[in-house]
Amino acid sequence: MSLIEVRDLSREFTIRKRAGRLRRTSVVKQAVHDLSFEIDAGEMVGYIGPNGAGKSTTIKMLTGILVPSGGSARVAGLEPSRQRRELARRIGVVFGQRTSLWWDLPLRDSFELLRRIYRIGDRTYHRNLDDHVALLDLGDLMDTPVRQLSLGQRMRGDIAAALLHDPEILYLDEPTIGLDVISKGRLREFLRALNHERGTTLMLTTHDLQDIEALCDRVIVIDHGTAVFDGPLPSLRANGDASRTLVVDLVDEASPIAIEGARVLKVEGPRQWLSFPAGASAAPLVAQVAAAYDVADLSIHEPDIEDVIRQLYSR
Amino acid sequence: MAEVAHAVRSYWLIALLWIRAAMAYPLSFWTMTVGGVLITFLDFVAIWLMFSHIDSYGGFTLREIALLYGVTSIAFRVADMLVGSVEKIGQKVRTGELDAMMSKPVPVLVQLCADRFELRRLGQIAQAVAVFAWAAPTVEWTPQRLAVLVMALVSGVVIYFCVFVTFSTIQFWTLDASEFANAFTYGGNTIMQYPMTIFPREVVRSLTYLLPLTFVNWYPCLFLLGLHDPFGAPDWFRFASPLAALALVGVTTLVWRQGLRRYRSTGS
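Residues numbered from 1 in each chain as written. Chains lettered and ligands numbered in written order. Predicted model: local features only at pLDDT ≥ 70, side-chain atom pairs only at ≥ 80, totals over all residues.

## Some words on the overall build of chain A
On a plain count of helices and strands, chain A comes out with 10 helices and 13 strands. C-alpha atoms of chain A, sized along the principal axes, occupy 75 × 55 × 45 Å. For chain A, the proportion of its 315 residues judged to be buried stands at 37%. For chain A, contacts bridging at least 24 residues in sequence account for 69% of all contacts bridging at least 6. (Helix = DSSP H or I, 4+ residues; strand = E, 2+ residues; numbered from the N terminus. Buried ≥ 20, exposed ≤ 12 C-beta atoms within 10 Å, placed from the backbone. Contact = placed C-beta atoms within 7 Å.)

What follows is the structure, encoded as structure tokens:
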């Protein structure tokens with residue numbers, strides 16, 4: 001049995017709109033529609049999609065915050081909306097855009113309170129506190145009220161707090177939103193280590209595709225509430241009409257290279273950009289170019305994941 | 001049972017944290033506490049001043065009214081201190097704090113009620129106790145009357161607790177209706193500070209059968225004063241406060257569960 005099992009999960013919202021002075025009409029919006037997937041223990045899954053695709057709604061149903069309108073979800077053998085508090089002891093949730101710490105209290109007090117309401121054993125608590133506080137570089141911030149922390153500091157505090165009770169699953173909703181490049185890098189490193197060393201299952205929603213590239217073995221792309229792709233990152237690249245680019249630096253300027261299986265995108269002096277299908281091998285192409293022209297240098301560019309995903313959305 | 005113990009323990013852990021935080025600024029704590037006593041004291045002075053022109057109001061003397069005032073105010077202020085924060089539900093929904101509360105292993109209601117626990121409200125409770133103590137000699141105390149008083153105070157706290165929760169829960173549907181809730185909580189307490197004889201029969205009926213605030217002080221105080229209900233309600237109503245409290249707990253549980261199930265969270 002998988003750790004997370006989602007079958008035909010749906011959630012609709014009724015939105016009331018004004019129509020005229022007193023009349024109201026209501027529109028039913030499908031935020032999540034017949035969504036199915038399974039996640040095994042120890043996986044790191046990127047859950048991506050455009051704004052309003054249903055990412056947060058899914059996470060909220062998996063934590064029991066929202067009650068599904070149809071289908072079923074089981075997390076760690078529990079039904080989230082009915083066994084929400086029991087499930088809370090086994091999962092950690094980090095919402096990137098807001099904190100689950102107590103705004104006016106220092107981190108230390110928040111952590112102490114969590115220790116007691118989760119009834120975390122002394123050894124577990126101190127081990128986690130020591131590990132995470134050091135790795136997340138929170139040592140100097142323990143006595144600062146949460147409201148005085150910067151976004152990056154607060155995010156680290158939130159992650160440390162969510163991990164105090166040794167959760168089997170950690171959901172991260174936009175964990176790197178608003179962070180600078182260095183903070184992002186360190187956070188990714190921390191999460192990767194967490195997954196490797198403790199086997200914590202990670203599910204993260206993000207708009208930052210570098211998060212996905214750095215962390216996730218598997219990607220689920222959701223659009224209009226339904227999964228449009230589920231698989232490893234490389235096959236997401238190969239999926240669809242994605243193309244790779246061969247950049248050729250010739251010794252001298254020349255007219256556009258004419259070779260079967262490739263299309264010239266751009267010519268700029270001696271440099272030319274050739275596009276070819278992502279699924280095809282680059283070797284015969286390179287051989288043909290080298291045979292016909294004097295080549296100074298060559299490089300191959302992988303398709304940009306953002307382009308691939310954009311194509312998925314536009315279908 | 002272990003669930004309940006954990007809930008109560010968690011309540012006090014959260015409350016204690018806020019008490020500690022408030023105590024970090026002792027001067028501010030004490031001025032706010034004393035301020036609270038003064039404001040609520042003025043509240044009673046208004047009634048007292050009225051009695052410099054009249055000897056009885058609605059057939060009740062000043063001390064008898066002080067008894068009604070004391071009993072409802074003690075119950076209301078204790079409930080307000082313990083669970084008054086629940087009226088901020090709408091705000092917690094908007095800021096997404098409710099989502100954070102729902103991902104913790106403590107009942108959401110406990111977290112909402114204990115949030116920003118204000119010990120300084122003890123000042124207002126002290127004022128209510130003082131008014132009651134001043135009124136107490138007007139009652140010829142017997143063991144039965146003492147028992148009815150204790151029963152009324154405990155039921156009263158529960159009744160006000162339910163009113164706080166029920167009317168705050170409406171914010172799950174309307175998001176911004178804390179003023180509406182205030183009309184029934186603070187407004188309810190203010191009405192109950194006066195003898196029911198000054199109100200039309202319909203008002204008293206509504207306060208008995210719809211929103212049973214009369215069971216907080218009116219019926220039990222009638223027994224303490226050895227009176228029968230001027231509106232002709234049965235005599236056993238004077239001991240029925242716990243029944244009213246229980247019925248209200250039932251309704252409140254339903255409304256709260258329904259509200260939480262209907263919760264739609266915010267975007268993102």
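Once you've had a look at it, read on.
## So, the overall build of chain B
Helix and strand counts for chain B come out as 13 helices and 0 strands. Its helices and strands in sequence order give chain B the pattern α-α-α-α-α-α-α-α-α-α-α-α-α, from N to C terminus. What you see for chain B is a C-alpha radius of gyration of 19 Å, in line with the 18 Å of a compact globule of 268 residues. Seen through its C-alpha atoms, chain B measures out along the principal axes to roughly 60 × 45 × 35 Å. Burial status across chain B gives 42% buried among its 268 residues. Sequence separation of 24 or more characterises 80% of the internal contacts of chain B that already satisfy a separation of 6 or more. (Rg over C-alpha atoms; globule rule 2.2 N^0.38 Å.)

## With respect to the interface of chain A and chain B
Taken together, the contact between chain A and chain B spans 24 residues of the former and 18 residues of the latter. If you tally residues by element for the side of chain A that touches chain B, the top one is helix α3 (residues 107-117) of chain A, at 4 residues. Grouping the amino acids of the side of chain A that touches chain B by side-chain chemistry returns 11 nonpolar, 5 polar and 8 charged. (Nonpolar A, V, L, I, M, F, W, Y, C, P; charged D, E, K, R; others polar.)

## What about the pairing of strand β7 (residues 201-205) of chain A?
Residue and element names in this part refer to chain A. Of all the 5 residues making up β7, 5 are buried; the element is thus mostly covered by neighbouring parts of the structure. Residues T201, M203 and T205 of β7 are buried on one face, and the alternating residues L202 and L204, pointing to the opposite face, are buried as well. Pairing between strand β3 (residues 44-48) and β7: 4 bridges, direction parallel. Residue pairing for β7: M44 is matched across the bridge by L202. Strand direction decides the pairing type here: strand β6 (residues 169-173) and β7, joined by 5 bridges, are parallel. Bridging from a neighbouring strand, Y171 pairs with M203 of β7. (Pairing = 2+ DSSP bridges.)

## Thoughts on the environment of B:L227
All names here are of chain B. Structurally, L227 can be placed in the loop between α12 (218-224) and α13 (241-262). On the neighbour-count criterion, L227 (13 C-beta atoms within 10 Å) is partly exposed. Taking the C-alpha atoms as reference points, L227 and R94, 133 residues apart in sequence, are found 49 Å from one another.

## Digging into the sheet that holds strand β8 (residues 218-223) of chain A
Residues and elements named next belong to chain A. Pairing is mixed in the open sheet, where 6 strands are placed in the order β5-β6-β7-β3-β8-β9. For this open sheet the edge positions go to β5 (91-95) and β9 (226-232), each flanked by a neighbour on one side alone. With strand direction ignored, the average angle separating the axes of adjacent strands in the sheet is 15°. In this sheet, β8 lies alongside β3 in parallel orientation, the contact comprising 4 bridges. Within β8, the residue paired with Y47 across the bridge is I220. (Axes fitted to C-alpha atoms, helices over the stretch in contact; angles between N-to-C directions.)

## Description of the nonpolar core
One finds B:V71, B:A75 and B:I159 to be the most contacted residues of the largest nonpolar core, which totals 137 residues. Formed by 5 residues, the second largest nonpolar core is a distinct cluster that contains A:L246, A:V248, A:L274 and A:L285. (Core = buried A, V, L, I, M, F, W, Y, C linked by C-beta atoms within 7 Å.)

## As for the sheet that holds strand β10 (residues 243-250) of chain A
Residues and elements named next belong to chain A. Taken in spatial order, the 4 strands line up as β11-β12-β10-β13 in an open sheet, and their pairing is antiparallel. Since the sheet does not close on itself, it has two edges, and those belong to β11 (263-268) and β13 (295-301), each with one partner. Taking the axes of each pair of neighbouring strands and ignoring which way they run, one obtains an average angle of 20° across the sheet. Alignment of β10 against strand β12 (residues 271-277), held across 7 bridges, turns out to be antiparallel. Following the sheet pairing, V248 is matched in β12 by Q272. Packing of helix α9 (residues 283-292) onto the sheet brings it into contact with β10, β12 and β13, and relative to β13 it is tilted by some 160°.

## With respect to helix α7 (residues 122-135) of chain B
Residue and element names in this part refer to chain B. An ideal rise of 1.5 Å per residue puts 20 Å on 14 residues; α7 measures up with 20 Å between its terminal C-alpha atoms. Regarding α7, the residues found buried are G123, Q124, I125, Q127, A128, V131, F132 and A135. In this structure, the buried side of α7 is in contact with α2 (26-50) and α3 (62-83). (Expected span 1.5 Å × (residues − 1).)

## Considerations on the packing of α3(A) against helix α1 (residues 2-23) of chain B
In a packed pair of helices, the relevant descriptors are the angle between the two axes and the axis-to-axis distance. Contact pair α3(A) / α1(B): the axes reach a minimum separation of 10 Å and the direction vectors enclose 170°. Classed by the angle they form, the pair α3(A) and α1(B) counts as roughly antiparallel. Side by side, α3(A) and α1(B) meet where A:D109, A:L113, A:R116 and A:I117 of the first sit next to B:S10, B:L13, B:I14 and B:L17 of the second. Class assignment for the residues of the contact of α3(A) with α1(B) results in 5 nonpolar, 1 polar and 2 charged. (Parallel < 35°, antiparallel > 145°, perpendicular 65-115°, else oblique.)

## Digging into the pairing of β6(A)
Sheet faces and side chains relate simply in a regular strand, where the side chains alternate between the two faces. Residues and elements named next belong to chain A. Summarising burial for β6: 5 of the 5 residues are buried, a large majority. A two-sided burial pattern is seen for β6, the buried positions comprising I169, Y171 and D173 on one face and L170 and L172 on the other. Here β5 runs beside β6; their pairing, made up of 5 bridges, is parallel. Looking at β6, one finds that G92 is bridged to L170.

## Quick word on the environment of B:F117
All names here are of chain B. Relative to the assigned elements, F117 resides in the loop between α6 (108-114) and α7. When the 22 C-beta atoms within 10 Å are taken as the criterion, F117 is described as buried. A C-alpha to C-alpha distance of 20 Å links F117 and E179, two positions 62 residues apart in sequence. Setting aside its immediate chain neighbours within four residues, F117 contacts A15, W18 and I19.

## What to know about unusual backbone geometry
All names here are of chain A. Notably, D34 is not glycine yet its phi reads approximately 45°, a positive angle. By secondary structure assignment, the location of D34 is in strand β2 (residues 24-39). On the basis of neighbour counts, which here come to 14 C-beta atoms within 10 Å, the residue D34 falls in the partly exposed class. Within the chain, D137 stands out as a residue other than glycine whose phi angle is a positive 60°. Along the chain, D137 falls in the loop between α4 (122-135) and α5 (151-163).

## A few points about the domain arrangement of chain A
Residues and elements named next belong to chain A. One can read the domain layout of chain A as domain 1 (4-237) and domain 2 (242-314). The centre of domain 1, based on its C-alpha atoms, is set 40 Å off from the matching centre of domain 2. The interface is formed by 10 residues belonging to domain 1 together with 10 residues belonging to domain 2. Of all the secondary structure elements, the ones that give two or more residues to the side of domain 1 that touches domain 2 are α7 (209-215), β8, β9 and α8 (233-238). (Domains from an automatic or database assignment.)

## A short note on the confidence of the model for chain B
Residue and element names in this part refer to chain B. Averaged over every residue, the pLDDT of chain B is 92; residues scoring 70 or more account for 98%. Looking across chain B, the model is least confident in helix α9 (residues 171-174), with a mean pLDDT of 82, and most confident in α12, with 97. Both confidence scores are given for the complex: pTM 0.85, ipTM 0.83. (pLDDT = per-residue confidence, 0-100.)

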